[in-house]
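Each chain is listed here by its residues.
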Amino acid sequence: MGPSREELLAELGEAGRVHSNAAVMYHAAISARIGLSTVEEKTLDLLQRSGALSAGELGELTGLAPASVSGLIDRLERKGFARRVKDPQDGRRVNVEIDPATNARFAPLFAPFAAQLADLYAEYSDVELAVILDFLHRSARIQREATRALTEQE
């Protein structure tokens, strides 16, 4: 007989912490290499995946307070990674977009890791990948909500 549910849950909690630490340390190393904070680097990832976003949308996606988002945008602009642009549909609204050259600066840093992940994914069935994907989506939502709760207490 395999491990009990209690043992599995304990191991899952520990594995989650190990995974979280590995992810934070990886992104800290990437960020340091390119001259950014980890929050700045992850915000660029959001902009790269989502396209231009308003400060409010960035706040929603990051869970950061409005004042923190404004400072974050200022730093990304000052460092040449992002820029404020007028919304094409609403000239009163300002969006933040990633500078097109930013992707070229990051791509070589992420390529080896992305290749290793592709090899790992190949080891799982489609059904297993669907379960992993569901877990990642749901746990990310929980983590964003926890982040928002912490930043609202500031």
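A quick note: this is a predicted structure, and the numbers were derived from the prediction, not measured.

The next thing to look at is the overall build of the chain. What the chain contains, in helices and strands, is 6 helices and 3 strands. Listed N to C, the secondary structure of the chain is α-α-β-α-α-β-β-α-α in terms of helices and strands. Expressed as lengths along the three principal axes of its C-alpha atoms, the size of the chain is roughly 65 × 40 × 30 Å. Expressed as a percentage of its 154 residues, the buried residues of the chain come to 20%. A separation threshold of at least 6 residues defines the contact pool for the chain, and within that pool the share at least 24 residues apart is 54%. Carbon and sulfur atoms form 59% of the exposed surface of the chain, whose accessible area is close to 10,700 Å².

The N-to-C vectors of helix α2 (residues 38-50) and helix α3 (residues 55-62) enclose an angle of 115 degrees; their axes lie 11 Å apart at closest approach. Put simply, α2 runs roughly perpendicular to α3. Crossing geometry of α2 relative to α3 is assigned as right-handed. Residue-level contacts link Thr43, Leu46, Leu47 and Ser50 of α2 to Leu58, Leu61 and Thr62 of α3. A breakdown of the residues in the contact of α2 with α3 according to their chemical character gives 4 nonpolar, 3 polar and no charged.

Our next topic: the environment of Val39. Of note, Val39 is situated in helix α2. With 33 residues separating them in the primary sequence, Val39 and Leu72 have C-alpha atoms 8.2 Å apart. Beyond its immediate sequence surroundings of up to four residues, Val39 is in contact with Leu64 and Leu72.

It is worth spelling out the confidence of the model for the chain at this point. Mean pLDDT over the chain stands at 92; residues scoring 70 or higher make up 99%. Across the chain, helix α1 (residues 5-34) holds the top mean pLDDT of 96, while α3 sits lowest at 89.

In this section: the nonpolar core. Note on soluble globular proteins: their nonpolar side chains tend to be buried together. If you look at the biggest cluster of nonpolar residues, it comprises 16 residues, and the most contacted ones within it are Leu36, Leu44, Leu47, Leu58, Leu76, Phe81 and Phe106. Those elements that place two or more of their residues in this core are α1, α2, α4 (66-78) and β3 (94-98). For this core, the element with the most residues is α4, which contributes 4 residues. In this view, Leu76 contacts Leu36, Glu40, Thr43, Leu44, Phe81 and Ala82; residues no more than four positions away in its chain are not counted.

A word on a nonpolar patch on the surface. A contiguous nonpolar patch, built from Leu9, Leu12, Leu120, Tyr121, Tyr124, Ile132, Phe135 and Leu136 and spanning about 750 Å² of accessible area, is present on the exposed surface. When residues of the nonpolar patch are traced back to their parent elements, those giving at least two are α1, α5 (100-121) and α6 (126-152). Looking at the nonpolar patch element by element, the count peaks at 3 residues for α6. Structurally, Phe135 is set in helix α6.

Reading guide: rules and limits
Residues numbered from 1 in each chain as written. Predicted model: local features only at pLDDT ≥ 70, side-chain atom pairs only at ≥ 80, totals over all residues. Heavy atoms only, no water. Helix = DSSP H or I, 4+ residues; strand = E, 2+ residues; numbered from the N terminus. Buried < 20%, exposed > 50% of the residue type's maximum accessible area, 1.4 Å probe, protein only. Contact = heavy atoms within 4.5 Å. Areas by Shrake-Rupley, 256 points an atom, 1.4 Å probe, with all protein chains shown as cover. Axes fitted to C-alpha atoms, helices over the stretch in contact; angles between N-to-C directions. Parallel < 35°, antiparallel > 145°, perpendicular 65-115°, else oblique. Left-handed = near helix turned anticlockwise from the far one by under 90°. Nonpolar A, V, L, I, M, F, W, Y, C, P; charged D, E, K, R; others polar. pLDDT = per-residue confidence, 0-100. Core = buried A, V, L, I, M, F, W, Y, C linked by side-chain atoms within 4.5 Å. Patch = residues over 30% accessible without salt bridge, like charges linked within 9 Å, V, L, I, M, F, W, Y side chains within 5 Å. Salt bridge = Lys/Arg side-chain N within 4 Å of Asp/Glu carboxyl O.

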